[in-house]
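Tertiary structure, described
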Amino acid sequence: MASPTDAELLAKLAALREQITAAEGRLTTYQQARDVAEALARVGKELTETLDVAQVTDRIVSTVFQLVRGRRAVLYQLDAVSRDLICVATAGEAGPEKWLGQRLPAGTGIAGRAVAERLPLWSADLLTDPRITLPDFWRQRLEEEGYRAAVGLPLIARGAVIGALVLSDVGGRLFSEDDQQILAIFANQAAIAIQNAQLYDTIRLELAERKRAEEAFRLTEERYRDLFEQAPVMYVITGDREGSPIILDCNELFLHTLGYRRAEVLGRPLADFYTPGSRRQLLQGGGYQQALKGEFVTEERQLVTCDGRVIETLLQAVPKGNEEGRVSGTHAMYVDITERKRAEEALADRTRQLEAVRTVTEEITRELDLITLLKLISQRPGELIGA
């Protein structure tokens with residue numbers, strides 16, 4: 001068997017090198033894919049475990065910086081009002097202090113252009129690229145950290161641009177298709193993280209606002225209840241049931257004056273607590289209908305206590321509206337005038353007595369005959385003594 005020639009050996013050696021190189025490439029690709037998968041799993045886990053956007057975005061830029069390699073990875077969040085991009089996370093060879101919180105004016109830098117065009121954008125030299133407008137602080141960072149090439153990707157969630165991811169490196173670097181695919185994967189994760197944080201903030205603000213509204217409503221209700229209960233008048237709220245007032249609520253003074261417990265009053269017709277005469281004024285006399293129309297004037301009504309006593313009151317009633325703005329009942333306020341009525345009646349009686357005395361006295365003073373005078377006195381003893 002003939003020995004292989006030098007040329008044949010060199011050819012076999014070259015073929016072997018190619019096989020080794022291909023195997024190394026496949027091994028590198030496999031290792032990189034495994035690294036990407038593991039990193040993606042870690043980021044995904046954090047997305048499900050926390051709503052701390054700073055924690056998740058820090059993990060994303062650190063992962064991008066390690067997997068794709070470069071001088072600086074920066075994650076921006078879009079300000080919905082000004083359209084500026086705000087740096088919320090960064091990783092690089094130098095610290096993050098000069099980056100975090102920095103604003104990139106709308107449309108500037110590679111991130112601003114990527115957001116404006118809604119497409120990934122790559123530049124081999126940011127300083128000479130006519131498409132890129134660089135703010136002063138960006139130029140300063142370029143000089144300090146020594147990078148000029150960059151790739152920027154917009155962060156898009158539910159069709160809306162909400163930020164950008166940028167990876168920068170030394171001038172002239174060409175970002176491979178694999179690099180851009182890795183960046184696109186983590187840009188999607190960043191978009192989810194920012195969107196989740198925005199949704200969380202929205203929900204948190206809505207809950208806080210609802211809590212404030214509920215607290216304000218509670219305080220208003222308490223103040224109303226205090227005024228309602230402490231009002232110096234008997235206060236009754238009625239609902240209209242086929243033209244008849246039903247008691248929906250009443251204050252403590254109404255209960256105390258009539259001697260009932262709340263459970264014995266609520267849900268009952270208001271007429272149950274009126275004397276027959278006042279009941280006729282309420283229903284047959286059209287008093288309740290006038291109140292529903294806002295035409296009611298102040299009138300006297302008689303309430304009846306649980307033990308049958310009559311309470312003289314002065315009533316003022318106004319219509320009550322429901323949530324739809326329709327009249328659904330009344331606010332009725334009763335002032336107890338029992339003592340005043342008694343005083344008025346006593347005064348009237350005393351006036352009548354004084355008038356009778358005055359009349360008898362005048363008759364006596366006009367009569368000079370003693371016999372006739374004695375006869376007058378015997379005939380009107382009650383008037384003279386005020387009986």
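This report concerns the structure included in the present document. (Residues numbered from 1 in each chain as written. Predicted model: local features only at pLDDT ≥ 70, side-chain atom pairs only at ≥ 80, totals over all residues. Heavy atoms only, no water.)

**Some words on the overall build of the protein**
Summing up its helical and strand segments, the protein has twelve helices and eleven strands in all. The buried share of the protein, reckoned over its 387 residues, is 35%. Considering only residue pairs separated by 6 or more positions, the protein has 51% of its internal contacts joining residues 24 or more positions apart. (Helix = DSSP H or I, 4+ residues; strand = E, 2+ residues; numbered from the N terminus. Buried < 20%, exposed > 50% of the residue type's maximum accessible area, 1.4 Å probe, protein only. Contact = heavy atoms within 4.5 Å.)

**Some points on the nonpolar core**
Ranked by size, the top nonpolar core spans 28 residues in total, and within it V64, L155, L165, L167 and L183 carry the most contacts. Within the residue set of this core, elements represented by two or more residues are α2 (53-68), β1 (72-78), β2 (85-92), β5 (149-157), β6 (160-169) and α5 (177-230). For this core, the leading source of residues is α5, giving eight residues. Setting aside its immediate chain neighbours within four residues, L155 contacts L75, Y76, A160, V161, I162, G163, A164, L165, A187, A190, A191 and I194. (Core = buried A, V, L, I, M, F, W, Y, C linked by side-chain atoms within 4.5 Å.)

**A short note on the side chain of S278**
Tracing the sequence through the fold places S278 in helix α8 (residues 276-282). Those residues in contact with S278, other than ones at most four positions away along the chain, are R301 and Q302.

**Observations concerning the sheet that holds strand β9 (residues 299-304)**
In spatial order, the strands read β8-β7-β11-β10-β9; together these five strands make up an open sheet with antiparallel pairing. Each edge of the open sheet carries a strand with a single partner, namely β8 (244-250) and β9. In this sheet, neighbouring strand axes are inclined to one another by 40° on average, regardless of whether the strands run parallel or antiparallel. Sheet topology note: the strand β10 (residues 310-321)/strand β11 (residues 327-336) ladder contains nine bridges and is antiparallel. Counterpart to L315 in the pairing with β11 is Y334. Against the sheet, α5 makes contact with β7 (234-241) and β8, and its axis sits at roughly 110° relative to β8, the strand it touches most. (Pairing = 2+ DSSP bridges. Axes fitted to C-alpha atoms, helices over the stretch in contact; angles between N-to-C directions.)

**A closer look at the packing of aromatic side chains**
What the rule picks out here adds up to six aromatic pairs. Seen in terms of ring centroids, F228 and Y235 are 5.0 Å apart; in terms of plane orientation they differ by 55°. Their pairing is tilted. Overall, the relative accessible area of 1% leaves F228 in the buried class. Take Y235: its relative accessible area is 16%, and that puts it in the buried class. Grouping aromatic residues by their ring pairs yields a cluster made of F254, Y260, F273, Y274 and Y334. (Phe/Tyr/Trp six-rings, centres within 6.5 Å; stacked < 30°, edge-to-face > 60°.)

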